[in-house]
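Given next are the chains, with one letter for each unit.
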Amino acid sequence: IKTRICFTFQVEAHNMITIKEETIINAPAKSVFEFLINIDSLYKIWHPKDHVFCKTIFGSLSEKGCRFHFLEIIDGFPLYLMAKVTEIRENEYLEYAPSFPFSLLKTGKAYFKIEKISDNQSNLIAYVEYGNNFFDKIANFLIKTSAVKKHIEEEGENLKKYLEQK
């Protein structure tokens, strides 16, 4: 089963860009969730070409309030973010948003939702929204939405390959 990609663009007062990607993975929801809460050690596996590092600053990625930071290079543009886990449900959902000082920019959020299809098959939904202020317009000029879409699709494909080969 191939990766399914859904892209949604909103043109509202906030001018947010949203990207949603779905990947069917032949692995239990628990395995997908375990990968996501251990990305600080699996980050390079997730996207060997673009991911530089992901490290926790405070807490564990399996806990609400955990603070972490990451650096990835998408289409030649370095993207660094400090974030915090804002919501988590074991084996089902992980949401994060920029943390201070990035939270002052009101730049959006991201989440991973895991839907159990069967005992050994899951649907991973990756969602990101961004682009509601001047800073994001500059970032959008430097890194194209199409490059972000491609990056997220590759993350889904790489996660699928990794978990299905285990």
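All values reported here derive from a predicted model rather than from experimental measurement.

Visitor: Is there a simple way to think about the overall build of the protein in this case?
Guide: Looking only at helices and strands, one finds four helices and eight strands in the protein. In the protein, buried positions account for 46% of the 166 residues. If you take every contact in the protein between residues at least 6 apart in sequence, the share linking residues at least 24 apart comes to 48%. Surface summary for the protein: the accessible area is close to 9,000 Å², and the carbon and sulfur share equals 57%.

Visitor: Any chance you could explain the nonpolar core here in plain terms?
Guide: Most often, soluble globular proteins have nonpolar side chains that are buried together. Core analysis: the largest hydrophobic core is formed by 39 residues, its most contacted members being V32, L36, W46, F68, F112, L124 and L159. The dominant element in this core, judged by the number of residues it contributes, is helix α1 (residues 29-37), at six residues. Ignoring any residue separated from it by four or fewer positions in sequence, one finds F68 in contact with C54, K55, T56, I57, L61, L81, M82, A83, K84, V85 and Y96.

Visitor: Even after reading the chapter, I still don't get the environment of M16, so can you show me in this structure?
Guide: Relative to the helices and strands, M16 resides in the loop between β1 (4-9) and β2 (17-25). When its relative accessible area of 10% is taken as the criterion, M16 is described as buried. Between the alpha carbons of M16 and Y130 there is a distance of 5.3 Å; along the sequence they are 114 residues apart.

Visitor: Would you mind showing me how to read the packing of helix α2 (residues 39-46) against helix α4 (residues 145-165) here?
Guide: Relative placement of two packed helices is described by the angle separating their axes and the distance separating the axes. The N-to-C vectors of α2 and α4 enclose an angle of 105 degrees; their axes lie 10 Å apart at closest approach. Regarding the angle of α2 to α4, the classification is roughly perpendicular. Of α4, the residues touching α2 (which contributes L42, I45 and W46) are E154, E155, N158, L159 and Y162. Of the residues belonging to the contact of α2 with α4, the class tally is five nonpolar, one polar and two charged.

Visitor: Explanation requested: the packing of aromatic side chains in the structure shown.
Guide: Two measures describe an aromatic ring pair: the distance that separates the ring centres and the angle between the ring planes. Per the stated rule, a full pass over the model turns up 12 aromatic pairs. Considering the side-chain rings of F68 and F70, the 6.3 Å spacing of their centres and the 25 degrees angle between planes classify their relative orientation as stacked. By relative accessible area, which is 4% here, F68 ends up buried. Measuring from ring centre to ring centre gives 6.4 Å for F70 and Y96, while their planes differ by 85 degrees; the resulting arrangement is edge-to-face.

Visitor: Sorry if this is basic, but what is going on with the confidence of the model for the protein here?
Guide: It should be kept in mind that the predicted coordinates are not to be read in detail where pLDDT is low. Looking at the protein as a whole, the pLDDT averages 85, with 79% of positions reaching at least 70. The secondary-structure element of the protein with the lowest mean pLDDT is β1, recorded at 44, while α1 shows the highest, at 98. A low-confidence stretch, residues 5-13 (pLDDT under 50), is modelled with 20 contacts involving residues beyond four sequence positions or located in other chains.

Thresholds applied
- Residues numbered from 1 in each chain as written.
- Predicted model: local features only at pLDDT ≥ 70, side-chain atom pairs only at ≥ 80, totals over all residues.
- Heavy atoms only, no water.
- Helix = DSSP H or I, 4+ residues; strand = E, 2+ residues; numbered from the N terminus.
- Buried < 20%, exposed > 50% of the residue type's maximum accessible area, 1.4 Å probe, protein only.
- Contact = heavy atoms within 4.5 Å.
- Areas by Shrake-Rupley, 256 points an atom, 1.4 Å probe, with all protein chains shown as cover.
- Core = buried A, V, L, I, M, F, W, Y, C linked by side-chain atoms within 4.5 Å.
- Axes fitted to C-alpha atoms, helices over the stretch in contact; angles between N-to-C directions.
- Parallel < 35°, antiparallel > 145°, perpendicular 65-115°, else oblique.
- Nonpolar A, V, L, I, M, F, W, Y, C, P; charged D, E, K, R; others polar.
- Phe/Tyr/Trp six-rings, centres within 6.5 Å; stacked < 30°, edge-to-face > 60°.
- pLDDT = per-residue confidence, 0-100.

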